[in-house]
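Tertiary structure, described
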Amino acid sequence: MLVTGNDILVPARAGRYGVPSFNTNNMEITQAIIHTAERLRSPVMVQMSEGAIKYGGQDLANIVKDIAGRATIPVALHLDHGSSYESALKAIKMGFTSVMIDASHHPFEENVRETRRVVEAAHAMGISVEAELGRLGGIEEHIVVDEKDAFLTDPEEAVQFIEQTGTDYLAIAIGTSHGAYKGKGRPYIDHARIEKIAQLTTIPLVAHGSSGVPAEIVGRFRASGGEIGDAAGIADEDLQRATGHGIAKVNVDTDLRLASTVAIREVLQQNPKEFDPRKVFGPARDLMGQIVEHKLRVLGSVGKA
Ligand SMILES: O=C(COP(=O)(O)O)NO
Ligand code: NA
Ligand SMILES: [Zn+2]
């Protein structure tokens, strides 16, 4: 059933498990996410970026809402990285049940103002809100302290921000970053910072940039003709530790992008005569389902629905 982000994330924080929020751009990705979560009796969030809305529009949103609505597990449709008040309201009009307003690149006061505007409007319509404080960016362990503090989330500021905005959940900068190249080798996750923020707050916390970029998938990507540098993602143990301390929503996009592309490359390379799209997109759906299953197990949401 289609529910709000709070319906999924408040129990997750209380239960000290994480729920993945996967980006979608088409039917097969959406099916891999929701059907796998249903099979494992796990809540799940499906998110669309503004780019996905540009690419698939109401057609794609309706596919997500229809599959979610018929599923026997709780599913939220979330706007990922909403860049403005208008964008957030447009998503709500499209039927999204959770929206992010990402004003983290603005100074604190402006981030508060932007976020509060969205919170007031979204709450009036029963929709949950995600905001962000601190700026995502990989950190290397050699970074000197003040530089690190420059963009990782300050625990005291997080308390103020939550009080002044009323946001339902908060994305915090803790060392993760978007994409396949999260920093040289395994990203350094500032667990002390997560634990401090978790002690001072009660709302669900969000980790962006949480693809694991599994070496096996990267190897298959190269072997099937793909070109990729020394990609690396967040370690499963880091995710598991973080979900024990307030992290309830875990954003994953790159892992599904890599898996779908690997499957498609392998099919086309191994079957040059193939031109039935079902024989190309079907295996992509299957491999993405394996990635979804792994993440659900790592985050501990299996059986929670
Ligand atoms: O944070 C993400 C996705 O991060 P990844 O690139 O690590 O999948 N989306 O908002
Ligand atoms: Na988001
Ligand atoms: Zn993100």
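Look up: the structure comes first, before these words.
Quick caveat, the model's predicted, so the values are computed rather than measured.

Rules and cut-offs
Residues numbered from 1 in each chain as written. Chains lettered and ligands numbered in written order. Predicted model: local features only at pLDDT ≥ 70, side-chain atom pairs only at ≥ 80, totals over all residues. Heavy atoms only, no water. Helix = DSSP H or I, 4+ residues; strand = E, 2+ residues; numbered from the N terminus. Expected span 1.5 Å × (residues − 1). Buried < 20%, exposed > 50% of the residue type's maximum accessible area, 1.4 Å probe, protein only. Contact = heavy atoms within 4.5 Å. Near = heavy atom within 4 Å. Polar contact = N/O pair within 3.5 Å; in protein donor to acceptor, adjacent residues only side chain to side chain. Nonpolar A, V, L, I, M, F, W, Y, C, P; charged D, E, K, R; others polar. Donors = N, O, S within 2.8 Å, 3.2 Å for Na, K, Ca; no water. Salt bridge = Lys/Arg side-chain N within 4 Å of Asp/Glu carboxyl O. Axes fitted to C-alpha atoms, helices over the stretch in contact; angles between N-to-C directions. Parallel < 35°, antiparallel > 145°, perpendicular 65-115°, else oblique. Left-handed = near helix turned anticlockwise from the far one by under 90°. Pairing = 2+ DSSP bridges. Right-handed = clockwise from strand over helix to strand, strands pointing away. Core = buried A, V, L, I, M, F, W, Y, C linked by side-chain atoms within 4.5 Å.

1. Things to note about helix H11 (residues 254–270)
Here H11 is 17 residues long and its end C-alpha atoms lie 24 Å apart, about the 24 Å a rise of 1.5 Å per residue gives. Those residues of H11 not exposed but buried are Thr-254, Asp-255, Leu-256, Leu-258, Ala-259, Ser-260, Val-262, Ala-263, Glu-266 and Val-267. Elements in contact with the buried residues of H11: strand E1 (19–23), helix H2 (27–39), helix H9 (215–223), strand E8 (247–252) and helix H12 (277–299).

2. Some details on the site of ligand 1
The full set close to ligand 1 counts 15 residues, and Asp-80, Lys-182, Ser-211, Asp-253 and Thr-254 are the nearest of them. One of the side-chain nitrogen or oxygen atoms of Asp-80 is found 2.6 Å away from an oxygen atom of ligand 1. Within the backbone of Asp-253, a nitrogen or oxygen atom sits 2.6 Å from an oxygen atom of ligand 1. Mapped by element, the contributors of at least two residues to the shell around ligand 1 are strand E3 (75–82) and E8. Among the residues forming the shell around ligand 1, the class breakdown is one nonpolar, eleven polar and three charged.

3. Topic: the coordination of the zinc ion (ligand 3)
Under perfect tetrahedral coordination by four donors, a metal shows angles of 109.5 degrees; under perfect octahedral coordination by six donors, it shows angles of 90 or 180 degrees. Protein-derived coordination of the zinc ion (ligand 3) comes from His-81 (NE2), His-178 (NE2) and His-208 (ND1), at a distance range of 2.0 to 2.2 Å. Along the chain, the residues donating to the zinc ion (ligand 3) fall in the pattern H-x96-H-x29-H. In this model, the zinc ion (ligand 3) sits 5.5 Å from the sodium ion (ligand 2). Highlighted residues: His-81 in strand E3 and His-208 in the loop between strand E7 (205–207) and H9, separated in sequence by 127 residues. By relative accessible area, His-208 is classed as buried at 1%.

4. Here we look at the coordination of the sodium ion (ligand 2)
Coordination of the sodium ion (ligand 2) by the protein comes from His-78 (NE2), Asp-80 (OD), Glu-130 (OE), Glu-130 (OE) and Lys-249 (NZ), over a distance range of 2.6 to 3.1 Å. Positions of the donor residues of the sodium ion (ligand 2), expressed as sequence spacing, correspond to H-x1-D-x49-E-x118-K.

5. Quick look at the pattern of salt bridges
Taken as a whole and judged by the stated rule, the model has 14 salt bridges. The salt bridge involving Lys-249 is made with Glu-130; its shortest N-O contact spans 2.6 Å. Of this pair, Lys-249 sits in strand E8 while Glu-130 is found in strand E5 (residues 128–133), placing the two residues 119 residues apart along the sequence. Assessed through its relative accessible area of 0%, Lys-249 is described here as buried. Residue Glu-130 is classed as buried on the basis of its relative accessible area of 0%. The residue Arg-257 makes a salt bridge to Asp-253 at a minimum N-O spacing of 3.1 Å. Overlapping salt bridges, with partners in common, bring together Arg-39, Glu-293 and Arg-297 in one network.

6. With respect to the packing of H2 against H12
Viewed as axis vectors pointing N to C, H2 and H12 meet at an angle of 40°, and their least axial separation amounts to 8 Å. Relative to H12, H2 is oriented oblique. The handedness of the crossing between H2 and H12 comes out as right-handed. For the pair formed by H2 and H12, the contact residues are Met-27, Glu-28, Ile-29, Gln-31, Ala-32, Ile-33, Thr-36, Ala-37 and Arg-39 on the first element and Phe-281, Arg-285, Met-288, Gly-289, Val-292, Glu-293 and Leu-296 on the second. When grouped by side-chain class, the residues that make up the contact of H2 with H12 number nine nonpolar, three polar and four charged.

7. Let's talk about the pairing of strand E6 (residues 169–172)
Judged by which residues are buried, E6 turns out to be covered on both faces: Tyr-169 and Ala-171 on one side and Leu-170 and Ile-172 on the other are all buried. Pairing of E5 with E6 involves four bridges; the strand directions are parallel. The partner of Glu-130 across the bridge, within E6, is Tyr-169. Once you follow E6 into helix H8 (residues 191–200) and on to E7, the crossover reads as right-handed.

8. Side note on the nonpolar core
If you look at the biggest cluster of nonpolar residues, it comprises 77 residues, and the most contacted ones within it are Ile-33, Phe-96, Val-99 and Leu-170. Contacts of Leu-170, omitting those with residues within four sequence positions, involve Ala-131, Glu-132, Leu-133, Ala-158, Phe-161, Ile-162, Ile-203, Pro-204, Leu-205 and Val-206. Of all hydrophobic cores here, the second largest spans 13 residues; its members include Val-3, Leu-9, Ala-12 and Met-45.

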